[in-house]
Amino acid sequence: MATPAQWVAGARPRTLPAAVVPVAVGTGVAVAEGGAIWWRALLALFVALALQVGVNYANDYSDGVRGTDKDRVGPMRLVGSGAAAPKEVLAAALGCFLAAAIAGLALVVATRAWWLLLVGLLSILAAWFYTGGSRPYGYRAMGEISVFVFFGLVAVAGTTYVQLERLPWLALAAAVPVGLLACALLVVNNLRDIVTDGPSGKRTLAVVLGDGRTRLLYAAALIVPFLIALGVVPDRPFAAIAVLALPLAITPVQTVRSGATGPALIATLQQTGRLQLAFGALFTLGLAL
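Residues numbered from 1 in each chain as written. Predicted model: local features only at pLDDT ≥ 70, side-chain atom pairs only at ≥ 80, totals over all residues. Heavy atoms only, no water.

A. Main features of the overall build of the protein chain. Helices and strands together make up the secondary structure of the protein chain, namely 13 helices and 0 strands. The order of α-helices and β-strands along the protein chain, N terminus first, is α-α-α-α-α-α-α-α-α-α-α-α-α. Against the globule reference of 19 Å for 289 residues, the protein chain gives a C-alpha radius of gyration of 18 Å, in line with a compact fold. In terms of its C-alpha atoms, the protein chain occupies a principal-axis envelope of roughly 50 × 45 × 30 Å. Sorting the 289 residues of the protein chain into buried and exposed places 52% on the buried side. Look at the contacts in the protein chain between residues 6 or more apart in sequence, and 76% of them connect residues 24 or more apart. By element, 71% of the accessible surface of the protein chain is carried by carbon and sulfur atoms, the whole surface being about 12,200 Å². (Helix = DSSP H or I, 4+ residues; strand = E, 2+ residues; numbered from the N terminus. Rg over C-alpha atoms; globule rule 2.2 N^0.38 Å. Buried < 20%, exposed > 50% of the residue type's maximum accessible area, 1.4 Å probe, protein only. Contact = heavy atoms within 4.5 Å. Areas by Shrake-Rupley, 256 points an atom, 1.4 Å probe, with all protein chains shown as cover.)

If you want it as structure tokens, here you go:
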């Protein structure tokens, strides 16, 4: 039986900035528009965190039963390592999805925007079929697109909408850099696993693009968000303070561009998460001021 520490590790806490940042930025937009509702923001945060942990457990389960985690060099997986039975990890994933659905339903009732039920359903389906089912899209180079859509556009715009009950253009503009930084986490993760994913039949975007172009994509995903933040300065002048996070991009970009592989990229994944948090905090503050 897996220990509590192993369950926490299996939840992959270093990926949680991908859930926290879009909710923070979406709330920053709501503050800028004069309509923040904090209990709804906290509920949106719970939904995002539950979905993130759920997709991590779901990936653990699906990759584990397929055997694609057998020789991985990243953080431990519960099923792949044998620490937990597949049915236990599956139950944990489904429990997280259920919790997210219940909290999301409360937001639907509060806003009376019943179309959000479809958004929530699509979010859960996207989380499951990333590596689940007979034809997982994460094995077909579509993972980054899904992350951009659901942890960028949907999460930021959705957080703003449930508070304002309308969708200003600023929410969509702010969602783009958030989505790109979330993609960067997946890009560097898949770059690290490229040598094992290809032979196992897992055709991630990194496998399709190849090593060199994947490294360029990672650098772009870290740098372009700062350009977009500057692009909203005419409307929200203090958004420029997001540039203060730029120094945190230097080391991970240099590491990836230098050709680092395998375990050396685990630290880069951590650095990417720190950059995402710093950028998100500064961007949120700049939008709200």
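Following the structure, the description resumes.
B. Broad picture of the packing of helix α12 (residues 247-257) against helix α13 (residues 264-288). Where α12 contacts α13, the axes come no closer than 9 Å and their chain directions differ by 150°. Relative to α13, α12 is oriented roughly antiparallel. Read as a crossing pair, α12 and α13 show a hand that is left-handed. Facing L248, A249, T251, P252, T255 and V256 of α12, the residues of α13 in contact are L265, T268, Q271, T272, R274, L275 and A278. Taken together, the residues that form the contact of α12 with α13 break down as 7 nonpolar, 5 polar and 1 charged. (Axes fitted to C-alpha atoms, helices over the stretch in contact; angles between N-to-C directions. Parallel < 35°, antiparallel > 145°, perpendicular 65-115°, else oblique. Left-handed = near helix turned anticlockwise from the far one by under 90°. Nonpolar A, V, L, I, M, F, W, Y, C, P; charged D, E, K, R; others polar.)

C. Main features of the UniProt feature "transmembrane region" (unreviewed entry) in the protein chain. UniProt tags residues 37-58, 89-108, 114-133, 145-164, 170-191 and 212-232 as "transmembrane region" (unreviewed entry). For residues 114-133, helix accounts for 70% and strand for 0%, while the C-alpha atoms at its two ends are 28 Å apart. A helix fraction of 100% and a strand fraction of 0% characterise residues 145-164, whose end C-alpha atoms lie 27 Å from each other. (UniProt positions renumbered as here; feature names shortened; annotations may be inferred.)

D. Focus on the side chain of R215. Residue position: R215 is located in helix α11 (residues 211-231). At a separation of 2.7 Å, a polar atom in the side chain of R215 contacts the side chain of D211. (Polar contact = N/O pair within 3.5 Å; in protein donor to acceptor, adjacent residues only side chain to side chain.)

E. Expanded view of helix α3 (residues 38-66). End to end, α3 covers 42 Å across 29 residues, agreeing with the expected 42 Å (1.5 Å per residue, within 8%). Two residues or fewer past α3, G67 is found with a positive phi of approximately 85°. (Expected span 1.5 Å × (residues − 1).)

F. Here's a closer look at the packing of aromatic side chains. Applying the stated rule across the entire model yields 6 aromatic pairs. For the pair W115 and Y161, a centre-to-centre distance of 5.1 Å together with 65° between the ring planes defines the contact as edge-to-face. Separated by 46 residues along the polypeptide, W115 in the loop between α5 (86-111) and α6 (116-129) and Y161 in helix α7 (residues 143-164) bring together distant segments of the chain. You can call Y161 buried: its relative accessible area is 17%. The interplanar angle of 85° and the centroid separation of 5.3 Å between the aromatic rings of F226 and F279 together place this pair among those described as edge-to-face. Of this pair, F226 sits in helix α11 while F279 is found in helix α13, placing the two residues 53 residues apart along the sequence. For F226, a relative accessible area of 5% puts it in the buried group. By the ring-pair criterion, three or more aromatic residues cluster together here, those being F226, F279 and F283. (Phe/Tyr/Trp six-rings, centres within 6.5 Å; stacked < 30°, edge-to-face > 60°.)

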